[in-house]
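The lines below spell out each chain.
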Amino acid sequence: MAERGPEPAAAAVAALPPEVRAQLAELELELSEGDITQKGYEKKRSKLLSPYSPQTRETDSTGQKDRNQTPTAAQTSAPSKYHRARSGGARDERYRSDIHTEAVQAALAKHKEQKMALPMPTKRRSTFVQSPADACTPPDTSSASEDEGSLRRQAALSAALQQSLQNAESWINRSVQGSSTSSSASSTLSHGEVKGTSGSLADVLASARLENVSAPPDVTATAPSSSIRPANIDLPPSGIVKGVHKGPSRSSLMDTADGVPVSSRVSTKIQQLLNTLKRPKRPPLKEFFVDDSEEIVEGIPQPDPNQPKPEGRQMTPVKGEPLGVICNWPPALESALQRWGSTQAKCPCLTGLDVTGKPVYTLTYGKLWSRSLKLAYTLLNKLGTRNEPVLKAGDRVALVYPNNDPVMFMVAFYGCLLAEVIPVPIEVPLTRKDAGGQQIGFLLGSCGIALALTSEICLKGLPKTQNGEIVQFKGWPRLKWVVTDSKYLSKPPKDWQPHISPAGTEPAYIEYKTSKEGSVMGVTVSRLAMLSHCQALSQACNYSEGETVVNVLDFKKDAGLWHGMFANVMNKMHTISVPYSVMKTCPLSWVQRVHAHKAKVALVKCRDLHWAMMAHRDQRDVSLSSLRMLIVTDGANPWSVSSCDAFLSLFQSHGLKPEAICPCATSAEAMTVAIRRPGVPGAPLPGRAILSMNGLSYGVIRVNTEDKNSALTVQDVGHVMPGGMMCIVKPDGLPQLCKTDEIGEICVSSRTGGMMYFGLAGVTKNTFEVIPVSSSGSPVGDVPFIRSGLLGFVGPGSLVFVVGKIDGLLMVSGRRHNADDIVATGLAVESMKTVYRGRHTGLLAAAPYLRTFPLSAPSARSPPPPDLRVARVLTSLRIAVFSVSVFYDERIVVVAEQRPDAAEEDSFQWMSRVLQAIDSIHQVGVYCLALVPANTLPKTPLGGIHISQTKQLFLEGSLHPCNILMCPHTCVTNLPKPRQKQPGVGPASVMVGNLVAGKRIAQAAGRDLGQIEENDLVRKHQFLAEILQWRAQATPDHVLFMLLNAKGTAVCTASCLQLHKRAERIASVLGDKGHLNAGDNVVLLYPPGIELIAAFYGCLYSGCIPVTVRPPHAQNLTATLPTVRMIVDVSKAACVLTTQTLVRLLKSREAAAAVDVKTWPTLIDTDDLPRKRLPQLYKPPTPEMLAYLDFSVSTTGMLTGVKMSHSAVNALCRAVKLQCELYSSRQVAICLDPYCGLGFALWCLCSVYSGHQSVLIPPMELESNLSLWLATVNQYKIRDTFCSYSVMELCTRGLGNQVEVLKTRGINLSCIRTCVVVAEERPRIALQQSFSKLFKDIGLSPRAVSTTFGSRVNVAICLQGTSGPDPTTVYVDLKSLRHDRVRLVERGAPQSLVLAESGKILPGVKVVIVNPETKGPVGDSHLGEIWVNSPHTASGYYTIYDSETLQADHFNTRLSFGDAAQTLWARTGYLGFVRRTELTAATGERHDALYVVGALDETLELRGLRYHPTDIENSVSRAHRSIAECAVFTWTNLLVVVVELCGSEQEALDLVPLVTNVVLEEHYLIVGVVVVVDPGVVPINSRGEKQRMHLRDSFLADQLDPIYVAYNM
């Protein structure tokens, strides 16, 4: 935000002589009053400063330049602006105070030397039309080329570094433990401090290392550019293989110390974020939860032992003066109307104004009486039939009248009283979805209202349907509308008289009240209370007959109703009602009415005082000398003192008497709580209380003596009402009487309050029937009190002081903060360019916001200090402050409307300054600060912000901010302590402990292969190639494979003989064209199909080692071809077998742009093979010889190749055959990618071994025909089918609404016995259940769906198969999992995670659960790494340089204790546990279930705890309906959450707080960065697994094109 005024030159101005500074201050004052034009001000100022230093002149010119750019001062000085419509609010100028502004500026000045380097959010230019194009973050060009950018970086490095290092002591202390990001700051920094330079602190810190953080992998593959998720793309690193780092670094990227190439913008901002997060948190209260072995005890933060405590004695209730007994007071309010209507018919009662502020109609007492009679008669006698009247005494009716029609309202109200029906005044509904409208409807419904009274004009203005009927408002009961204009009323017969009884406890009317949560309650007021309240007001205000009252308030409720409609009739006074709409166009109208009518009393709010001050120049000849009472009805607002003083200082010269200003405090329940009586001329005015805000936050009254910036000056609201009694009780818990120096809730006891909340007996008792108790808990008297909802205390002389409202109370970490105080602080931060204050602007009158600071009485105005920059006030600033409950505490949220022309950087700077100000003044952190477009916050009927509706929109993600800043790191101080890892218990001790506890060691095994009898000829063949040859001779025509296309037709089949012959030809080509020898590696580059299978067996026939590789994607070569190239290089392939199409693609110009195409090994296409047989088929000398290589990219971006021997292949096929009962007569449908793991084995190997027919469905075909897989299963009546999670998800999402269509097509899945998901991860239970439920209607049995589990070291460890018990599920405690423990809980337990068994353990496989650090076995139901021993375990890793340490550790490792047999185990790298169930296995023994929790190398180590990404992602996915997919990763100890937005880009910023909240609530983690991207950006591999590391590197390289990036503070 451009700096304005003299602040940049504060030091220079301070050095000027005192007389010059005084002249400057006078100039400032003249400008603020409008006594001088902007041009004249600048001219005089320049002249004053010209003799002094050039530095001052230079700085001043900058200030002038910026001032000229600010479109307020010069443009708004014309008085005509005040006569235009302006939008206002109930929360607008009430909080204005120059002295508070001074305090805020002083607090901010402390930070001026060390400006914050907060990372500014990154926003896509197209996202928000709010901001002009040039205000958005510029696109990052630093990664385009190295030459020019690097020169700029070198040139600017020293300056940037110096600037960065100067900020070390800033608001958030930014000392880094050592981060390893690299950056060149091409993006805009928050205060422009490194703007335009490319150097950054991170370049220098690049050599620093984070302790205990392993180096992130070097993954530089670029992200796919298309927005469609590439479902079939594996994106590996460009140079990481197990045990080898390879590949040149890209010149456009910069390497950090960890070897991670990253682009500049993102890492700069992450560096800034890290720098800011090292600030020590709030004083260390005892707020940490205790990690007691199993449970984290979620306690409330303990109180600070040094906090101030109340020291006074217990207060005693304070009594008001007795209510005088006056002989001529009427027995009921209706009697007063009857008396005046009959005897003083010509006396004016009420005058209404037109839109220009001119009197338009005066209602006399005679007219009021006669028209009320007519209405009463009509209501009782003319609405129904004589036998069935619509209304009877005691019924409730709604009064719906606009705010500019007091006359019709008054007639309707008194008509209802005379008819003995109960009026319920409400606001006029404007639309079907008014803010809070639904809650009003609930009130009407609960009151049983069926009739609404309104005027003809109002009825015409109500929203209508196309048929002309009034729309049915949301939540409202069906209403009959009755027009009360005189021409529609019936004149009563002369003998008809209303029944007016003496006032009793029967209800008179119901006033609605909106609670803090937004619910609307009806406060029922009895006729006696209404009368008594009028009497008390008359006595306190000393009302007399014939006085004129000007009422600017809402006449339908609160003080506007009590004074303007009740007390005036009681005392035969004349009320002039000034509607809100008139005030907007003519702010001085009420002052003019006081002047014109010589009014004795005026009823106003602070807002009206401000508006009058702004417009007072329009008419200088007004006189307020007639006023004996200026009743400020929101005197309960602590900030009203500034308004009153400023108004007095301005209008004292117009005859306003200081003693006439009478603040009062009111509430809907207690009605008038206290009011200052009109003073005696010349008597000293009451003193002020100057309170410490820190003391107030602890509920204690302390006179402020320390920091003047954090003081609150409050004025009294007078004495207790006549006939009343007041006490102060603790606001929460028992109504215990407070001590004399303690803040509490004001309670009153008198006949003048409300009697109940209509229909809410429970809440009524707690509010209207309170018996205060002493500190010992014993009741103090038996008189019931009413809670007023106001917070305050009784001061000296029984004066009542109010410091806030219960509804505005924010309880944060055991301290109370008032929303109004925080609003005032936000207003005091200069905000001209940022925060929207309404449609039109206007300069304030002379120092209108003076807040008496150390003074004890109002003072004459004094010029503001010359170095204080007071923001020129625009009308109606709109800020909402509320708290939300997040992670066991309340968190403060500030929402403000942003000006339409505010630049991004200005907004961000304003936000950061607001954070600083609130932190300094209130010592509390703001959790979230959001800016929304102008005029979008929900409004109350009088234009204020509807707080509860705003809060609701925020929580449900419908607020649509255009800027947001989350500060969870500074606010959330009650996180559990980071876990300190204790010295490990040795494996021997663990085993002994388990034995003592009677626990078995966690191990499990499949069926013993040796005990399984098979009458199978296949067993005599040791090699798969031999089995194929044998099948080609024994069953030549038996079809082994059938390939389907997208239409479901078989495009290719392969019998045993056909496959054998095809393989022979390929083998001969390998010898002839490739000149290969046995043992050479051959890459097979084919699309999924039978050609791939034939090439595989061709390699076996020739003795070559096949390596199956997914072909590159023709539309996305840059992302997919490097993977192919890397596998070719790493596997040292001697040649590549492929198709003609792919050969052309590999040699194309597009391919050359991605890789070096000249160095491909021999490329052989197998489309046209010569009919040539091999003279002799190769037979390996031993079964331990290598059969094939299996390469795969893990989700962590690691490319791993494992070696599979012939004996392992045989054992794998045999285990799968036995588990699934596969025979020659079976058909199996396979919808998997055939390139690695179990998917490859099922596609290529198992059919040849078992002889069953495999129906092959390439997953890519489902993209054009979603139902292909299910239709195939139905067509061939297939019993066993295999798929991947990506296929299952595609069917679930794509066919969700087409089940009926599938049913009509005759698709039936009841034939399926097993539907197995092939996976190397924790089972996705939610997806499996969704799939089962969705297709249950077309016959799918939920029992059929199961999953497999495999890993790199052993591709098939578990597979459900056909026999054995169904998979079991357990619920485990998430918190214990983070501590590497398993604690089983019941279903539905909080913080529980459901885990499903990953199928049954395959025959011949043994599993043991091991502590990954000690390598000792753990007990049953304990978490550890899954180790496996089986004949089909891979032989080891295949890398360029064999790493013996990795090899031995991963494939041939032994338990450190407790294994006498010294079994060799392979480490899967997955965490899990074994649990013995009550079920019986096929062997007759109890079944041991294996549960997989997650991959070790994917886990996130944060705060000493272990997190599994999928758990956090599941929570995030539930946070908002528009989150399509998400992924999490860490970077330099920051948690980064990437979410795909499937809704409108308007919703992007809504996701930031919701994501932050849910991760904090469910995982006790603070999100560092939230990245909102388009659908399809999160890369997912062919198995349906997220490639988080690839995503991380794309993010750091700034390749994601995010919609929004939020850096949480």
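Here goes a summary of the coordinates provided. (Residues numbered from 1 in each chain as written. Predicted model: local features only at pLDDT ≥ 70, side-chain atom pairs only at ≥ 80, totals over all residues. Heavy atoms only, no water.)

### A word on the pattern of salt bridges
Inspection of the entire model under this criterion finds 47 salt bridges. Residues K487 and E456 are paired through a salt bridge, measuring 3.1 Å at the closest nitrogen-oxygen approach. In this pair, K487 sits in the loop between β14 (480-483) and β15 (507-514) while E456 sits in helix α13 (residues 456-461), placing the two residues 31 residues apart along the sequence. Here K487 falls in the exposed class, since its relative accessible area comes to 63%. Overall, the relative accessible area of 18% leaves E456 in the buried class. Within the structure, one salt-bridge network assembled from shared partners comprises E1498, E1513, E1525, K1586 and R1588. (Salt bridge = Lys/Arg side-chain N within 4 Å of Asp/Glu carboxyl O. Helix = DSSP H or I, 4+ residues; strand = E, 2+ residues; numbered from the N terminus. Buried < 20%, exposed > 50% of the residue type's maximum accessible area, 1.4 Å probe, protein only.)

### Some points on the environment of A1078
Looking at the element boundaries, A1078 is found in the loop between α28 (1056-1072) and β40 (1081-1085). Given the relative accessible area of 45%, A1078 is considered partly exposed. Expressed as a C-alpha distance, the spacing of A1078 and Y1178, which sit 100 residues apart in the sequence, is 8.0 Å. Beyond its immediate chain neighbours, meaning those up to four positions away, A1078 contacts S1102, G1103 and Y1178. (Contact = heavy atoms within 4.5 Å.)

### Looking at the environment of V1124
Within the secondary structure, V1124 sits in helix α30 (residues 1117-1130). Note on V1124: relative accessible area 2%, which makes it buried. Distance in space between the C-alpha atoms of V1124 and R1110 is 7.3 Å, their sequence separation being 14 residues. Beyond its immediate chain neighbours, meaning those up to four positions away, V1124 contacts L1085, V1109, R1110, P1112 and W1160.

### Comments concerning unusual backbone geometry
The residue E420 is not glycine, and still its phi comes out positive at about 60°. Following the sequence through the fold, E420 ends up in the loop between α11 (406-419) and β12 (422-426). The phi dihedral of D1601 is positive, around 50°, even though this residue is not glycine. A relative accessible area of 48% places D1601 in the partly exposed class.

### Regarding the pairing of strand β47 (residues 1253-1256)
Neither face of β47 is open: one carries Q1253 and V1255, the other S1254 and L1256, and all of them are buried. In terms of strand pairing, strand β38 (residues 1039-1044) meets β47 through three bridges, oriented parallel. Residue pairing across strands places M1042 opposite V1255, the latter belonging to β47. Pairing geometry for strand β46 (residues 1227-1231) and β47, over four bridges, is parallel. If you follow I1230 over to β47, its bridge partner there is L1256. (Pairing = 2+ DSSP bridges.)

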